[in-house]
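Each chain is listed here by its residues.
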Amino acid sequence: MIARPSSPSETALAVEGVTKTFDGTTALHRVSLELRRGEVHALIGRNGSGKSTLIKILAGYHHPDEGTIVSNGRSLAFPMTPADVRASGLAFVHQDLALVNGLSVLENLRVGRLGHRLLWRVPWRAERALARSALERFAAHIDPDTTVGNLSHVDRAIVAIVRGFMQLEDDAQGTLVLDEPTAFLPHGEVDRLFTAVRSLADHGTAVLFVTHRLDEVINLAGRVTVLRDGRRVATEAVNDIDESRLLELLLGRSIEGFYPALPEPRSDVTLRVENLSGSGVAGVSFDAHAGEIVGVTGLSGSGFEDVLYLLFGAISASGGRIRLGEETIGAHRMTPRRAIGMQIGFLPGDRQNLSGAQELGLGQNVSLPVLSSFFRRMRLEHGRETATVGELLRRFQVTPAVPSMKMSELSGGNQQKALLAKWLQQQPRLLLLHEPTQGIDVGAKQEVFVQLRNAAAAGVALVVASAEHEDLAHMCDRVIVFRHGQVAGTLAGADLTCEQVVQACYAVSR
């Protein structure tokens, strides 16, 4: 399905006037995009902007209604098979990485190639040497025989990138599409991934880097294309643009008021933590007042990520006390059931596995904690449950607000808003949130900020654990910085800026 190559050029991928509609709804309208050899080109846009549709067209999953695509000098003709996509010089690393945890690194790297070769016997020694050479090219010190499930998050992402590079069939002049590879990586590990991406570009590969994180655009890409409502609104050199301008292009409006003003915390203490210990945390003490948003942060492995799980009883504590209002409990006795009974809500960072049931409907996810309220005479009133959840979803600006839709069918931002609705409907005294803005677009992020501000205004105490330093600096009253499982310092008032949070995180590691 691929035409003969044209003469070589500096253009690796050219998308021209691509349009795609679904059931009368336009997902892309005359979108054009050019990637040059050896460049990292960022693609950004809110959920629903058309990014995913464009990527699926490049992967052959959808075909465009109009427009042309030329990859590596070859005009693409649709429909395309996976073999056609590979032959066109396109390879993909999706957000979920598509690795098989039970197989070795070598098997994951070469399974696609070995699967379509007619071999009586696999030349494992030669394949192992090829895999080791490719890994070393990206300074990845990974044994090809290691089981992928035993690797760290960043090493798994690098393996997926190396596999994509190898899928280019030794043609480094192709294009590798990276679809949010950092979405679930700790900030401290992102630099290693960036080193691998830059090495890729140095070999002449064009990299299309899809991300929600604007700081990644600034730090990694040479150019950036912004999609909004299915249209390309800008392609700019990164050196000529800043984060404020990128935000305006994404939102289509001024960024004034992006972080809503916070209410004044009340004087009464809602949460008092004394000498909390367990899971790498030792002797941690702090308070949170009613209506206050307290941030906790630090470098990866500093222990800040575990504090919320210890407070909720999701990880067993070895010592310490937790006081909520007038009730005090030994931290080792805390369990999730007891925490919920004490009016503590908890939104974990892992939406896929811990926060919500992906294959259940929105209605089932949201109503689960209050399901008993919809029973009458031992019968569940489905109609009342559906109506109540539908109204709640609309109030929290979940789109679409359809209780019967599976959680997995919504964007990350809409999932997060639905999960916030699930907990806030219970009017908790304390809400614990782990990475509440991770992997969601800037528009959804702003809506989450508004919901957190509203919760604080209603008197809820919030504790937010996050490595998103700028968000913490703008939405928190105080930020507690961790080192080696202990509190290293607290920033508040004029000292609470993004720069000071970053400096405190890195300074305490020396």
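One can find the structure itself at the top, above this paragraph.
Quick look at the structure, then. This structure is a prediction, so every number in the text was calculated from the model and none was measured.

The next thing to look at is the overall build of the chain. For the chain, the count of helices and strands is 17 helices and 22 strands. In terms of overall dimensions, the chain has C-alpha extents of about 75 × 50 × 50 Å along its principal axes. At a minimum sequence separation of 6, the contacts of the chain that also span at least 24 residues come to 68%.

What follows deals with the sheet that holds strand β5 (residues 74-75). Sheet strands line up and pair through hydrogen bonds in the backbone, either parallel or antiparallel. Spatial strand order, β2-β1-β4-β5: 4 strands in an open sheet with antiparallel pairing. Two strands close off the open sheet at either side, each with one partner strand: β2 (25-36) and β5. Judged from the 8 bridges that link them, strand β1 (residues 11-22) and β2 form a sheet pairing that is antiparallel. By the bridge assignment for β2, alanine 14 is matched with glutamate 34.

Moving on to the side chain of serine 466. By the element assignment, serine 466 lies in the loop between β20 (461-465) and α16 (469-475). Using a relative accessible area of 2% as the deciding quantity, one classes serine 466 as buried. Within polar-contact distance, the side chain of serine 466 engages the backbone nitrogen of glutamate 468 at 2.9 Å.

For the structure on display, the rule yields 4 aromatic pairs. Between tyrosine 309 and phenylalanine 346, the ring centres sit 4.9 Å apart and the planes meet at 85 degrees, which makes this aromatic pair edge-to-face. In this pair, tyrosine 309 is assigned in helix α9 (residues 304-312) and phenylalanine 346 in strand β16 (residues 344-347), connecting sequence segments 37 residues apart. Residue classification places phenylalanine 346 among the buried positions, given a relative accessible area of 4%.

Now for the packing of helix α14 (residues 412-424) against helix α15 (residues 442-457). One can describe the packing of α14 onto α15 by two numbers: an axis separation of 9 Å at closest approach and a directional angle of 10 degrees. When the interaxial angle is binned, α14 and α15 end up roughly parallel. Taken as a pair, α14 and α15 cross one another with a handedness that is left-handed. On α15, the residues that touch Gly413, Gln416, Lys417, Leu420 and Leu424 of α14 are Ala444, Glu447, Val448, Gln451, Leu452 and Ala455.

With respect to the secondary-structure elements, glutamine 446 resides in helix α15. Residue glutamine 446 is classed as buried on the basis of its relative accessible area of 14%. Considering only alpha carbons, one finds glutamine 446 and phenylalanine 258, 188 residues apart in sequence, at a separation of 6.1 Å.

The next point concerns the pairing of strand β10 (residues 231-237). Bridge count between strand β9 (residues 223-228) and β10: 6 bridges; the pairing is antiparallel. Directly across from arginine 228, in β10, lies its bridge partner arginine 231. Once β9 ends, the chain turns through 2 residues before running back antiparallel as β10, passing aspartate 229 with a positive phi of about 55 degrees.

Moving on: the side chain of serine 71. Mapping serine 71 onto the fold places it in strand β4 (residues 66-71). A residue is classified by how much of its surface remains accessible, and serine 71, at 0% relative accessible area, is buried. Only 2.7 Å separates the side chain of serine 71 from the backbone oxygen of serine 88, close enough to count as a polar contact. Contacts of serine 71, omitting those with residues within four sequence positions, involve Ala12, Leu13, Leu76, Ser88, Gly89 and Leu90.

Next up on the list: the sheet that holds strand β15 (residues 327-330). Taking strand neighbours across the sheet as the criterion, the 4 strands line up as β12-β11-β14-β15 in an open arrangement whose pairing is antiparallel. Both outer strands of the open sheet, β12 (281-289) and β15, are each paired with one neighbouring strand and no more. On average, each strand axis in the sheet is tilted by 10 degrees relative to the strand beside it, whichever way the strands run. Where strand β14 (residues 319-324) and β15 come together, 4 bridges link them in antiparallel fashion. Across the sheet, residue arginine 323 finds its bridge partner in β15, namely threonine 328. Taken strand by strand, α9 contacts β11 (269-278), β12 and β14, and its axis lies near 105 degrees from that of β11.

Turning our eyes to something else, we now look at helix α8 (residues 243-251). Taken residue by residue, α8 has Leu246, Leu247, Leu249, Leu250 and Leu251 as its buried positions. As for α8, its buried residues are in contact with β3 (40-45), α7 (214-220), β9, β10 and α15. Positive backbone phi, approximately 75 degrees, marks glycine 252, located one or two places after α8.

Turning to the state of the cysteines, a few remarks are in order. In the structure shown here, the tally under the stated rule is 0 disulfides. Looking at cysteine 505, it has no disulfide partner, and the nearest cysteine sulfur is the one in cysteine 498, 9.6 Å off. Of the residues examined, cysteine 505 reaches a relative accessible area of 1% and is grouped as buried.

What counts as what
Residue numbers run consecutively from 1 along every chain, following the written order of its sequence. Local features in this predicted model are restricted to residues whose pLDDT is 70 or higher, and side-chain atom pairs enter the listing and the counts only when it is 80 or higher, whereas totals over whole chains, interfaces and linings include all residues. Excluding hydrogens and water, the side-chain figures rest on all heavy atoms present in the structure. Only runs of H or I of at least four residues qualify as helices and only runs of E of at least two qualify as strands under DSSP, and these elements are numbered from the N terminus. In what follows, residue pairs with any heavy atoms lying within 4.5 Å of each other are defined as contacts. The pairing criterion is simple: DSSP has to find at least two bridges between the two strands. Burial classes: relative accessible area under 20% of the type maximum marks a residue as buried, over 50% as exposed, and values in between as partly exposed (1.4 Å probe, protein chains only). We define a polar contact as two N or O atoms separated by no more than 3.5 Å, with the added condition that, inside protein, one atom must be a possible hydrogen donor and the other a possible acceptor, whereas residues neighbouring each other in sequence contribute only through side-chain atom pairs. Ring geometry is summarised as follows: Phe, Tyr and Trp rings, the Trp one being its six-membered ring, pair when their centres sit within 6.5 Å, and such pairs are stacked at plane angles under 30 degrees, edge-to-face over 60 and tilted between the two. Angles here are taken between N-to-C directions and fall from 0 to 180 degrees, while the axes themselves are lines fitted to C-alpha atoms, restricted in helices to the stretch in contact. Just so you know how the angles are binned, under 35 degrees is roughly parallel, over 145 roughly antiparallel, 65 to 115 roughly perpendicular, and the rest oblique. Helix crossings get a hand from a simple test, with the near helix turned counterclockwise from the far one by less than a right angle marking a left-handed crossing and a clockwise turn marking a right-handed one. Our working definition of a disulfide is a cysteine sulfur pair at a distance within 2.5 Å.

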